[in-house]
Amino acid sequence: MALRRAPDPQKFDALVLEHYGRLKNFVRRYVDSADDADDIVQEVFVRIWERAHEFNFDDPLPYLYQATRNAATSAARKEKVRARWRESTAREVPQKSESADAHTERGELEAAIARAVDALPERCRLIFTMHREQGLSYDEIARVLGLSVKTVDNQMGRALKSLRIQLAPYLKVILAVILGAGKMSA
Amino acid sequence: MIGSPEPDYALIARVFADEATAAEREELEQWIRKSSDHDILVRRLHTVWAQTGVVIEGDAHHALAEIHSRIARRRSAPTRILLRSPYRWQPTAWAAAALVTLGLGSYTLRDRITWQRSATAEPLTQVATTSGQRATIQLSDGSTVTLSVSSRISYPRNFGGREREVQLEGEAYFDVKHDARVPFRVRTNHGVTEDVGTRFAVRAYRGEAASRVVVAEGKVAIAPHLVISAGDVALVTGTQSPVVEHHADVNRLMSWKDGTLEFVDLPLRDVVRDLERWYGESVKLNDPALGNRTITASFNDAPLSDVVAFIARVVDATVSNKAGSISLTPRINR
């Protein structure tokens, strides 16, 4: 075994504190269980500690995401049964769009929005959720995925448009909710 | 929205995302003021947008403490790797299965009794490694075990004075403190290996047709009347009599314990399975014929990408690594 230097503990801790939550949110897109997600992300950081000599602390996001994604997809493969179950239940939820009316509960709207996000094309969803669920800036997303900021920008626009189309029947309800909550200033 | 031009969704997203310049924000403001439909649309979209934001969860400080304790565990005390709660074997079923495969009719009763006794007397400790991990375990009798990657061993915290028995799935190297009165036995799904005081390794991964016993020093009984000694390698299956090879290169077969990944004339399909155990990532062969090619190589602490690149050169294949999944494809023009 080659002699390896331990990483700078302060740098390492700062790295964990900054990125832990977002990576956990990222993993939650692949695995259901919060405990499994914790386990996966913690192992990613343990590996970084062990291989600190190979890790670029100045530009950590690309590796963090690549490693986390690998670990999460392999964990998800192992949980195929659960994933299949999740898929089937997602499909079974009735598309109530036509009958959605003013007293539709907010919970149902949330569920519809979550489904609409899940239904985005893969790359589009990845980019959208990296921004919305993991708090990455356009620039950070572009660097992690090796894309231009312009592409990220386009995909974010596409996501929004697609959400609007998919949620069209619900949007009427949303208006009702807004009006009910009082008119917002222009 | 009749007659309105298509909204600039990217611009709207940019403003929502706080990625817009002041000029772009102003542009959107003006567009909104043009029509109440625009206003309503942007409000609706913003409601949707707000719903998609997930609060970043997870207590990062707590997680940090967890990560440091994992690091400490792994560095200082390998015996504590993935230590699971003590659990008990199903003694009768196991003993019966193992003994039938070895055909040790007369041993049956005694073994059942000892299994039951050890199961009730002392809960077993289990140590498991994942891919890329090895663990060294000190047993209560002073013997040491080096557990290879993706392996699992169970043993009583205290052997007591009458017998020493461990259960192995995967691969392990044993350096056994000799005690003629108390034999040391390794049970695998292919049978029982009984030590007569020695250094030896047992390999019995689930899904492999045979288990392998390699002896570096001393003597080992792999069946009641079959004793092999230093330099011997035995392949043991559940159904056929063991195959023994003498004067084998035992050091090579045990080099994994020093961190060397060694393949001797091994078909590629077995090589990739070992790589998976070692690195925790799967390597796929896009042509089954590749699986028959044999590899002889040794790697010391090399990254997976180097190992795969080397193998690809040997078998004349190309490597693709898409979305973290590695695969080998034969070159068409040989």
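Refer to the preceding data block for the structure.
First, a word on scope: everything that follows refers to the structure included in this document. (Residues numbered from 1 in each chain as written. Chains lettered and ligands numbered in written order. Predicted model: local features only at pLDDT ≥ 70, side-chain atom pairs only at ≥ 80, totals over all residues. Heavy atoms only, no water.)

Moving on: the side chain of A:T68. Residues and elements named next belong to chain A. Among the structural elements, T68 can be located in helix 3 (residues 61-78). Overall, the relative accessible area of 0% leaves T68 in the buried class. If near-sequence neighbours (up to four positions away) are discounted, T68 is found in contact with L23, F26, V27, I40, V44 and Y63. (Helix = DSSP H or I, 4+ residues; strand = E, 2+ residues; numbered from the N terminus. Buried < 20%, exposed > 50% of the residue type's maximum accessible area, 1.4 Å probe, protein only. Contact = heavy atoms within 4.5 Å.)

What follows is about the interface of chain B and chain A. In this complex, chain B contributes 42 residues to the contact, which on the side of chain A involves 50 residues. Between chain B and chain A, roughly 4400 Å² of surface is buried when both sides are summed, and carbon and sulfur atoms account for 60% of that area. For the pair chain B and chain A, the interface holds 4 salt bridges. Where B:R14 meets A:D153, a salt bridge forms, and the shortest distance between an N and an O atom there is 2.5 Å. Across the contact surface, chain B and chain A share 10 residue pairs in polar contact (both at pLDDT 80 or more). If you list the elements that add at least two residues to the side of chain B that touches chain A, you get helix 1 (9-16), helix 3 (36-52) and helix 4 (60-76) of chain B. Its residues assigned to classes, the side of chain B that touches chain A shows 22 nonpolar, 8 polar and 12 charged. (Buried area = accessible area lost by both parts, 1.4 Å probe. Salt bridge = Lys/Arg side-chain N within 4 Å of Asp/Glu carboxyl O. Polar contact = N/O pair within 3.5 Å; in protein donor to acceptor, adjacent residues only side chain to side chain. Nonpolar A, V, L, I, M, F, W, Y, C, P; charged D, E, K, R; others polar.)

Okay, the pattern of salt bridges next. All names here are of chain B. Counting across every chain of the model gives 31 salt bridges over all chains. We note a salt bridge from R212 to E171, for which the minimum N-O separation is 3.3 Å. Here R212, found in strand 10 (residues 211-217), pairs with E171, found in strand 6 (residues 164-175); they are 41 residues apart in sequence, far enough to count as distant. With respect to burial, R212 and E171 carry one shared label: buried. In the salt-bridge network here, residues are joined through shared partners; they are E171, R203, E208, R212, D270, R273, D274 and R277.

The subject of this paragraph is helix 1 (residues 9-28) of chain A. Given 3.6 residues per helical turn, the α-helix brings residues three or four places apart onto the same face. Residue and element names in this part refer to chain A. End to end, helix 1 covers 27 Å across 20 residues, agreeing with the expected 28 Å (1.5 Å per residue, within 8%). Remark: the principal bend of helix 1, roughly 45°, maps to H19. Considered for burial, the residues of helix 1 that qualify are F12, L15, V16, H19, Y20, G21, R22, L23, K24, N25, F26 and V27. (Expected span 1.5 Å × (residues − 1). Bend = angle between axes of the 7 residues up to and from the residue.)

This next bit is on the sheet that holds strand 18 (residues 317-322) of chain B. Residues and elements named next belong to chain B. Within the open sheet, the 3 strands sit side by side as 16-19-18. Their pairing is mixed. Of all the strands in the sheet, the pair left with one neighbour each is strand 16 (283-285) and strand 18. On average, each strand axis in the sheet is tilted by 25° relative to the strand beside it, whichever way the strands run. Relative to strand 19 (residues 325-330), strand 16 runs parallel, the two being bridged by 3 bridges. When the sheet's bridge partners are listed, V283 is paired in strand 19 with I326. Each of strand 16 and strand 19 touches helix 8 (residues 268-279); the most contacted strand, strand 16, lies at about 160° to it. Here helix 9 (residues 304-315) sits on the sheet in contact with strand 16, strand 18 and strand 19, set at roughly 10° to strand 19. (Pairing = 2+ DSSP bridges. Axes fitted to C-alpha atoms, helices over the stretch in contact; angles between N-to-C directions.)

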